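What the coordinates show
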Amino acid sequence: GKVIYSGPVEDVVLYFESLGYQLPERMDVADWLQALPTRDGAKFLKDPVGNDENNYDSIPSVAPTHLTADELHEKFYESEYGRKILDQVNQEIGIVNPH
C-alpha cells in the first residue's frame, strides 16, 4: 500500500476536499476514505458546476479530476503533513533540507 494521508484525524476530510473530493452526506468517513483511491473515488469529486450544496463558488476555476492511488500518494508528500514526515526522516538519517 501507499500512504495517501497521515495527519490529524480532524483534518482528513478537509485535506481530501482540498484535492477536489466531497464527503457525501450520510456516508461514513472511513468508507469514503477507502473508496477514494479506487475507481469508485471518481463519484466523490465535487460538482464543478456549483450544483453541490456545499460548493458556494459561482464559477468553478477548474473541474477536479479523479486522482489515482499513485497520484494521491504524490499529493500527500507534496502537502504540509507529507513534507513534515520526509523532513523528519531525512533529519534522522542525516540528510539536511533535500528540497
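Residues numbered from 1 in each chain as written. Predicted model: local features only at pLDDT ≥ 70, side-chain atom pairs only at ≥ 80, totals over all residues. Heavy atoms only, no water.

1. Thoughts on a nonpolar patch on the surface
- Judged by side-chain polarity, V89, I93 and I95 come together as a nonpolar surface patch covering roughly 270 Å² of accessible area.
- Of note, V89 is situated in helix 4 (residues 80–93). (Patch = residues over 30% accessible without salt bridge, like charges linked within 9 Å, V, L, I, M, F, W, Y side chains within 5 Å. Areas by Shrake-Rupley, 256 points an atom, 1.4 Å probe, with all protein chains shown as cover. Salt bridge = Lys/Arg side-chain N within 4 Å of Asp/Glu carboxyl O. Helix = DSSP H or I, 4+ residues; strand = E, 2+ residues; numbered from the N terminus.)

2. Points about helix 4
- Between the first and last C-alpha of helix 4 there are 20 Å, a value that for 14 residues agrees with the 20 Å anticipated at 1.5 Å per step.
- Following helix 4 by one or two positions, G94 has its phi on the positive side, about 95 degrees. (Expected span 1.5 Å × (residues − 1).)

3. Let's talk about the packing of helix 3 (residues 69–78) against helix 4
- Where helix 3 contacts helix 4, the axes come no closer than 4 Å and their chain directions differ by 75 degrees. Comparing the axis directions of helix 3 and helix 4 gives the class roughly perpendicular. Where helix 3 abuts helix 4, its residues F76, Y77 and E78 lie against E80, Y81, G82, R83, I85 and L86.
- Looking at the contact of helix 3 with helix 4, its residues break down into five nonpolar, one polar and three charged. (Axes fitted to C-alpha atoms, helices over the stretch in contact; angles between N-to-C directions. Parallel < 35°, antiparallel > 145°, perpendicular 65-115°, else oblique. Contact = heavy atoms within 4.5 Å. Nonpolar A, V, L, I, M, F, W, Y, C, P; charged D, E, K, R; others polar.)

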